[in-house]
Amino acid sequence: MSDGIASTGSSPTGLSETDLESLVGHRFVGGRYRIEHWENWLLTDCTGRDPLPDGLAHPIVLFHVPILGVGTSIAELFELGGVAGPGSVGLEGYDWEYIRPLREDMEYRMEGGIVTARRTSDDAGRVIDEFAFEITLFDDDDQVAARVTNRWVLRR
Amino acid sequence: MSDLANVEPGDDIPPWTMPLVDPARMRTMAAILRDPYPVHWDRDGNAAIGLPGRVINQGPLNLGYVVNMLLAWAGPSCVRRLSVSFGRPVLDGDAVTAGGRVTEVSIIDDERRATCEVWLDRAGEHVVTGTAVVALSTAPSNLVPTQSHD
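Residues numbered from 1 in each chain as written. Chains lettered and ligands numbered in written order. Predicted model: local features only at pLDDT ≥ 70, side-chain atom pairs only at ≥ 80, totals over all residues.

Student: Help me understand the overall build of chain B, please; the structure alone is not making it clear to me.
Tutor: Looking only at helices and strands, one finds 2 helices and 5 strands in chain B. Over its C-alpha atoms, taken along the principal directions, chain B stretches across nearly 50 × 40 × 25 Å. (Helix = DSSP H or I, 4+ residues; strand = E, 2+ residues; numbered from the N terminus.)

Student: Hey, could you run me through the sheet that holds strand S5 (residues 144-155) of chain A in this one?
Tutor: Two pairing modes exist for strands in a sheet, parallel and antiparallel, and in both the strands are linked by backbone hydrogen bonds. Read across the sheet, 10 strands follow the order S1(A)-S3(A)-S4(A)-S5(A)-S2(A)-S2(B)-S5(B)-S4(B)-S3(B)-S1(B) without closing on themselves; strand pairing throughout is antiparallel. Sheet topology places strand S1 (31-34) of chain A together with strand S1 (12-18) of chain B at the edges, where each strand pairs with a single neighbour. Mean inter-strand twist for the sheet, computed between neighbouring axes without regard to direction, equals 25°. Relative to strand S3 (residues 96-108) of chain B, S1(B) runs antiparallel, the two sharing 5 bridges. (Pairing = 2+ DSSP bridges. Axes fitted to C-alpha atoms, helices over the stretch in contact; angles between N-to-C directions.)

Student: Just to check I follow, could you spell out helix H2 (residues 59-74) of chain B for this structure?
Tutor: Since the α-helix turns once every 3.6 residues, residues separated by three or four places project in the same direction. All names here are of chain B. Under the 1.5 Å per step criterion, the end-to-end length of H2 is 23 Å for 16 residues, consistent within 8% with the ideal 22 Å. With 15 of its 16 residues buried, H2 lies for the most part within the structure. Immediately downstream of H2, the backbone of Gly75 shows phi near 110°, a positive value. (Expected span 1.5 Å × (residues − 1). Buried ≥ 20, exposed ≤ 12 C-beta atoms within 10 Å, placed from the backbone.)

Student: Any chance you could explain the interface of chain A and chain B here in plain terms?
Tutor: Reports of interface size often rely on the accessible area that becomes lost once the parts have come together. Listed per partner, the contact involves 44 residues of chain A and 45 residues of chain B. When residues of the side of chain A that touches chain B are traced back to their parent elements, those giving at least two are helix H2 (37-47), helix H3 (61-69), helix H4 (74-81) and strand S2 (89-98) of chain A. The element best represented in the side of chain A that touches chain B is S2(A), accounting for 9 residues. Per-class residue counts for the side of chain A that touches chain B are 22 nonpolar, 13 polar and 9 charged. (Contact = placed C-beta atoms within 7 Å. Nonpolar A, V, L, I, M, F, W, Y, C, P; charged D, E, K, R; others polar.)

Student: I keep staring at the confidence of the model for chain B and nothing clicks. Help me out?
Tutor: A low pLDDT score tells you not to read the predicted coordinates there in detail. All names here are of chain B. Averaged over every residue, the pLDDT of chain B is 90; residues scoring 70 or more account for 90%. Under a pLDDT of 50 for its full length, residues 139-150 has, in the predicted model, 9 contacts with residues more than four places off or in other chains. At the level of chain-chain contacts, confidence expressed as ipTM amounts to 0.89, with global pTM at 0.89. (pLDDT = per-residue confidence, 0-100.)

Student: It is not clear to me how the packing of H2(A) against helix H1 (residues 23-33) of chain B should be interpreted in this structure. Could you clarify?
Tutor: When two helices pack together, their arrangement is captured by the angle between the axes and the distance separating the axes. Interhelical geometry of H2(A) versus H1(B) gives an angle of 145° and a closest axis separation of 9 Å. The interaxial crossing formed by H2(A) with H1(B) has left-handed handedness. Here A:Glu39, A:Leu42, A:Leu43 and A:Cys46 of H2(A) come into contact with H1(B), specifically with B:Arg25, B:Thr28, B:Met29 and B:Ile32. Its residues placed into classes, the contact of H2(A) with H1(B) shows 5 nonpolar, 1 polar and 2 charged. (Left-handed = near helix turned anticlockwise from the far one by under 90°.)

Student: How should I be thinking about the environment of A:Glu134 in this particular structure?
Tutor: Residue and element names in this part refer to chain A. Within the secondary structure layout, Glu134 lies in strand S4 (residues 127-138). Glu134 gets classed as partly exposed once you count the C-beta atoms within 10 Å, which come to 17. It is 18 Å that separates the C-alpha atoms of Glu134 and Leu102, two residues lying 32 residues apart in sequence. Here Glu134 is in contact with Gly112, Val115, Arg147, Val148 and Thr149, once residues within four sequence places are set aside.

Student: Looking at this structure, I do not really get H3(A). What am I missing?
Tutor: All names here are of chain A. By the criterion of burial, H3 is predominantly enclosed, with 8 of the 9 residues buried. Taken residue by residue, H3 has Val61, Leu62, Phe63, His64, Val65, Pro66, Ile67 and Gly69 as its buried positions. With its phi angle positive at about 95°, Gly71 sits one or two positions after the end of H3.

Student: Whenever I open this one, the nonpolar core confuses me. Can you help?
Tutor: Where a protein is soluble and globular, its nonpolar side chains tend to be buried together. All names here are of chain B. Ranked by size, the top nonpolar core spans 88 residues in total, and within it Val66, Leu70 and Val134 carry the most contacts. For this core, the element with the most residues is H2, which contributes 10 residues. Ignoring anything within four residues of it in the chain, the contact list for Val134 reads Leu70, Ala74, Cys78, Val79, Arg80, Arg113, Ala114 and Cys116. (Core = buried A, V, L, I, M, F, W, Y, C linked by C-beta atoms within 7 Å.)

Student: Just checking my understanding: could you explain unusual backbone geometry for this structure?
Tutor: Excluding glycine, residues mostly carry a negative phi; peptide bonds, for their part, are mostly trans. A positive phi angle is found at A:Asp54, which is not glycine, with a value near 60°. Inspection of the secondary structure assignment puts A:Asp54 in the loop between H2 and H3. We note that B:Asp109 has phi near 50°; this positive angle belongs to a residue other than glycine. Tracing the backbone shows B:Asp109 in the loop between S3 and strand S4 (111-122).

Here it is as structure tokens:
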């Protein structure tokens, strides 16, 4: 997953506009995810800082934990969007809400799906598709712990 | 942490710098994310997108630098909301600096919070921009105890 790459990529699938729009309402299977200590440690190290105290997870766990926990993957999202190859996918943006602190060794339940999808074009007339998915994380009291909306750009 | 009791609109958040974006960290991150996208580790493949010999940092890591700035400023459980957009890619070997400015201080859910403009700069160019909402009163006593690790 990259961000803001100038593209020469093309779609291998030729996803039609109708196919794209039909993604809206797609629900992920749902599931659970436990943030492991080693995983949080390595991820935090990748950001260039020391681990957080008290078993707190680094806030950027809200990228991969919801995707994996809801029962999908980056690879499956690429497949749903009908894209592959360098330059074919970019990050448009995130909107992440933290209702409760996220912690290691706690299991979160997740549910979510694709909420928007639309076709547009760039200044050169190349087709660009945008889609967004929303995933909610619930803690062991079944209270909402966090919610993410991620917007991706698919270049044809 | 700064003196959060006196935070007010217009205050700058102390910047946080990643002096060298490291391709080894991108590889580790790709494994953690289960991210098969080769732009983060295949230098040769990136010639096709005009970046021969370079690899592209993951968006979450770029955001992570912004988050690290917020954590250093307001504490380890301060982040309440992040709304960001990604601009140009950050590449291995880049130096980037996160910055921010308080735009509003308000009480939400009985908690004093700052709304902040945030950004990530590379050589004076914004590569990530957005808004963060940060709690200004996250004392350690507010945290639920958890088990410790060896």
